[in-house]
Amino acid sequence: MSQACKIYLENLVGTKFGRLTVVAFEQGANSQIIAACNCECGTPRKVNLAHLKKGHTKSCGCLAREVRALNKITNCYFFKKAKN
Ligand SMILES: [Zn+2]
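(A) Looking closely at the overall build of the protein chain. Across its full length, the protein chain holds three helices and four strands. Shown N-terminal to C-terminal, the secondary structure of the protein chain runs as helices and strands in the order α-β-β-β-β-α-α. Compactness check: the protein chain gives a C-alpha radius of gyration of 17 Å against a globular reference of 12 Å for 84 residues, more than 25% above the reference. Here the C-alpha coordinates of the protein chain stretch approximately 65 × 25 × 20 Å along the principal axes. Taken across its 84 residues, the protein chain has 11% of its residues classed as buried. Long-range contacts, defined here as pairs at least 24 residues apart, represent 23% of the contacts in the protein chain between residues at least 6 apart.

(B) Molecular detail of the environment of Asn 75. Tracing the chain through its elements places Asn 75 in helix α3 (residues 62–83). Counting along the chain gives 31 residues from Asn 75 to Pro 44, while the straight-line C-alpha distance between them is 31 Å.

(C) Inspection of the pairing of strand β4 (residues 44–48) at higher detail. Pairing analysis gives five bridges linking strand β3 (residues 33–39) to β4, with the strands arranged antiparallel. From the neighbouring strand, Ala 35 faces β4, where its bridge partner is Val 47. The antiparallel pairing of β3 with β4 creates a hairpin that spans four residues between the two strands, and Gly 42 there sits at a positive phi of about 100°.

(D) Spatial organisation of the nonpolar core. Residues Phe 17, Leu 20, Phe 25, Ala 35, Cys 37 and Leu 52 constitute the largest nonpolar core, which totals six residues. Breaking this core down by element, the ones donating at least two residues are β2 (20–27) and β3. Beyond its immediate sequence surroundings of up to four residues, Ala 35 is in contact with Val 22, Phe 25, Val 47, Leu 49 and Leu 52.

(E) The sheet that holds β4, seen in detail. Overall, antiparallel pairing links the four strands, which are arranged β1-β2-β3-β4 in an open sheet. Each end of this open sheet is capped by a strand with a single partner; those strands are β1 (16–17) and β4. Across two bridges, β1 lies against β2 in antiparallel orientation. Paired with Phe 17 across the bridge in β2 is Leu 20.

(F) Looking closely at the environment of Leu 12. By secondary structure assignment, the location of Leu 12 is in helix α1 (residues 3–12). Between the C-alpha atoms of Leu 12 and Gln 32, which are 20 residues apart in sequence, the distance is 16 Å.

(G) Seen up close, the environment of Gly 14. Within the secondary structure, Gly 14 sits in the loop between α1 and β1. Among the residues examined, Gly 14 registers 9 C-beta atoms within 10 Å and is labelled exposed. Between the C-alpha atoms of Gly 14 and Cys 60, which are 46 residues apart in sequence, the distance is 16 Å.

Conventions we followed
- Residues numbered from 1 in each chain as written.
- Predicted model: local features only at pLDDT ≥ 70, side-chain atom pairs only at ≥ 80, totals over all residues.
- Helix = DSSP H or I, 4+ residues; strand = E, 2+ residues; numbered from the N terminus.
- Rg over C-alpha atoms; globule rule 2.2 N^0.38 Å.
- Buried ≥ 20, exposed ≤ 12 C-beta atoms within 10 Å, placed from the backbone.
- Contact = placed C-beta atoms within 7 Å.
- Pairing = 2+ DSSP bridges.
- Core = buried A, V, L, I, M, F, W, Y, C linked by C-beta atoms within 7 Å.

Shown next, in the form of structure tokens:
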């Protein structure tokens, strides 16, 4: 990792992506950069920085669980509405 890259990453510590706050960085396989994050729900999670920046990963998984639960409710609601 170059010095410029390290400085860039140090500046990203404390940045929030969705529910995840970056606490540290480490080098993963294939020179990927792994961000160690803390989720708002209190769960620590390590994610690929590329996924984090693209918005693919926004939480430890709790957000996806909540969205799925919500979709179930709304789908059910619209389904009933369409039938009537
Ligand atoms: Zn979470």
